[in-house]
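Listed below, chain by chain, are the residues.
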2 protein chains.
Amino acid sequence: VRIAVLGTGEVGRAVAGALVGRGHEVRMGSRTGANEAAAAWAADAGERAGHGTFADAAGWAELVVNCTGGGVALAALRAAGAENLAGKVVVDVSNPLDFSHGRPPILSVCNTTSVAEQLQEAFPQARVVKTLNTVNNRIMVDPARLPGRHTLFVCGNDPEAKAAARGLLEGFGWPPEDVLDLGDLTAARGMEMYIPLWLRLMGALGGADFNIAVVRAEG
Amino acid sequence: VRIAVLGTGEVGRAVAGALVGRGHEVRMGSRTGANEAAAAWAADAGERAGHGTFADAAGWAELVVNCTGGGVALAALRAAGAENLAGKVVVDVSNPLDFSHGRPPILSVCNTTSVAEQLQEAFPQARVVKTLNTVNNRIMVDPARLPGRHTLFVCGNDPEAKAAARGLLEGFGWPPEDVLDLGDLTAARGMEMYIPLWLRLMGALGGADFNIAVVRAEG
């Protein structure tokens, strides 16, 4: 599958690298086609890797992964262009972190909406799936870093799009039984609103190498 | 220890019952001293149990547990009276659920504050500790309902108050190593903002008999 990864930060590079490693063709998209991080990544990542503007990458791709920050995701997808997203699965990995009031960040949207819902509303022909936002980028693409079972969440309005996203997750090593479908895209509120707890956990544990496992009563 | 449990709902009755079972003297507090649920609970729970107004219960108690809903917690503690809370540990179990817009509820406060912080601000001489709000009341007082290890969070500004709260939790059966201290009371934002995810998990799993376990990298 031809995949556009929007965003050239740690998350974008981790996801794009893992996708190339699983045999996908990947173009990393950025605001300007001449982004140095994207060029360096593509030069490093071999012949299945390329880069370009958000619109270049999205227009070429069959599936789009948004790895830009939640505060700029809407602008990034606007730059990608509605016509380049129409009908495509758009996997949204972002969190609406707002550092403008200092640290820890607050959320720029929450409670009554979410970044994922805003993207879906702005691009009704895209098939938005939320996943991967609840773990650090190293765990996103290598869940076996952590011992035993732990849980990843997925939600979205389009069952086929969720199935496509789950396929990518399985390629990253997520056992299907540990990927929990939370239903339609309004569940993205819960997935994004978990982040303040995640940030406090990171502080208490002294690092980002953790996740949560859902533990159920037996029987 | 003489403990006031404010609130006569499922959470209040579960917590009050468990405290009596561990040998504490408990008074259940309600808005009116003549609350039927509180009277029935106290009649059932034996000689260590009593009930009264919020002020009766808090004034008599050495430690207060707020089991009222987050939307009414501030009013309940005002009714209890600042003079009856001063110097005392106030364990806040509440969540700011607002059902006025339908289901699922939204949070009445979040992101930049929390119920626990609002209580602390309104009653600066109380020693507020947040805990137990991330699990169903049955799990609060019987963590062994779930198999294996799973995590409870605690936060607050007063280390002694947190130690007192941890003592109650240990009495409920929470292994100390599974009670994670997230730091000062601003962590209550994260603990309360986890609830929208909890609600979606309840929907996906078909019930409230679950919790999360924090899973860390080994080594």
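Everything numeric in this text was worked out from a predicted model, so none of it was measured.

Peer 1: Give me the lowdown on the environment of Gly-9 of chain B, citing residues and values where you can.
Peer 2: Here Gly-9 of chain B is to be found in the loop between β1 (2-6) and α1 (10-21). Taking C-alpha positions, Gly-9 of chain B is 19 Å from Ala-116 of chain B, a pair spaced 107 residues apart along the chain.

Peer 1: Let's hear about the relation of the copies chain B and chain A: which residues, and what values?
Peer 2: When chain B is fitted onto chain A, the two copies agree to an RMSD of 0.0 Å after a turn of 180° and an axial shift of 0.0 Å. Interpreted geometrically, this transformation is the action of a two-fold axis. Comparing contact sets, 100% of the residues at the interface of chain B also lie at the interface in chain A, consistent with an isologous, same-surface contact.

Peer 1: How would you explain the interface of chain B and chain A if you had to name every residue and give the values?
Peer 2: In many reports, interface size means the accessible area that the parts give up when they come together. Between chain B and chain A, the residue contacts involve 38 residues of the former and 38 residues of the latter. Approximately 3200 Å² of surface area, both sides summed, lies buried where chain B meets chain A, with 68% of it carried by carbon and sulfur atoms. The three residues of chain B that bury the most area against chain A are Leu-197, Arg-200 and Val-215 of chain B, which together make up 21% of that side's buried surface. On inspection of chain B and its partner chain A, the count reaches two salt bridges. In this structure, Arg-200 of chain A engages Asp-184 of chain B in a salt bridge whose closest nitrogen and oxygen atoms are separated by 3.3 Å. Inspection of the region where chain B meets chain A yields 15 residue pairs in polar contact (both at pLDDT 80 or more). For the side of chain B that touches chain A, the secondary-structure elements that each account for two or more residues are β7 (106-107), β10 (179-181), α9 (188-193), α10 (195-205) and β11 (210-216) of chain B. In terms of residue class, the side of chain B that touches chain A is made up of 23 nonpolar, seven polar and eight charged. Sheet topology note: the strand β11 (residues 210-216) of chain A/β11 of chain B ladder contains seven bridges and is antiparallel. Among the inter-strand pairings, Arg-216 of chain A is bridged to a residue of β11 of chain B, identified as Phe-210 of chain B.

Peer 1: I'd like to hear about the nonpolar core, residue by residue, with values.
Peer 2: Of all hydrophobic cores here, the largest spans 80 residues; its most connected members are Tyr-194 and Leu-201 of chain A together with Tyr-194 of chain B. In this structure Tyr-194 of chain B touches Met-193, Tyr-194 and Leu-197 of chain A together with Thr-134, Leu-201, Phe-210 and Ile-212 of chain B, once residues within four positions along its chain are discounted. In terms of nonpolar packing, the next biggest core, distinct from the first, is built from 74 residues, Val-26, Val-91 and Ala-161 of chain A together with Ala-18 of chain B among them.

Peer 1: Could you give me a rundown of the pattern of salt bridges, with the residues and numbers involved?
Peer 2: Residue and element names in this part refer to chain B. Across all of its chains, the model carries 20 salt bridges over all chains by this definition. With a closest N to O distance of 2.8 Å, Asp-92 and Lys-130 form a salt bridge. Remark: Lys-130 occurs in strand β8 (residues 127-131) and Asp-92 occurs in strand β5 (residues 89-92); sequence separation between them is 38 residues. Under the relative-accessibility criterion, Asp-92 is labelled buried at 0%. Classification of Lys-130 by relative accessible area gives buried; the value is 0%. Linking Arg-189 and Glu-117 is a salt bridge whose minimum nitrogen-to-oxygen distance equals 2.7 Å. Of this pair, Arg-189 sits in helix α9 while Glu-117 sits in helix α6 (residues 115-122), and the two are 72 residues apart along the sequence.

About the cut-offs
Residues numbered from 1 in each chain as written. Chains lettered and ligands numbered in written order. Predicted model: local features only at pLDDT ≥ 70, side-chain atom pairs only at ≥ 80, totals over all residues. Heavy atoms only, no water. Helix = DSSP H or I, 4+ residues; strand = E, 2+ residues; numbered from the N terminus. Least-squares fit on C-alpha atoms with pLDDT ≥ 70 in both. Contact = heavy atoms within 4.5 Å. Buried area = accessible area lost by both parts, 1.4 Å probe. Salt bridge = Lys/Arg side-chain N within 4 Å of Asp/Glu carboxyl O. Polar contact = N/O pair within 3.5 Å; in protein donor to acceptor, adjacent residues only side chain to side chain. Nonpolar A, V, L, I, M, F, W, Y, C, P; charged D, E, K, R; others polar. Pairing = 2+ DSSP bridges. Core = buried A, V, L, I, M, F, W, Y, C linked by side-chain atoms within 4.5 Å. Buried < 20%, exposed > 50% of the residue type's maximum accessible area, 1.4 Å probe, protein only.

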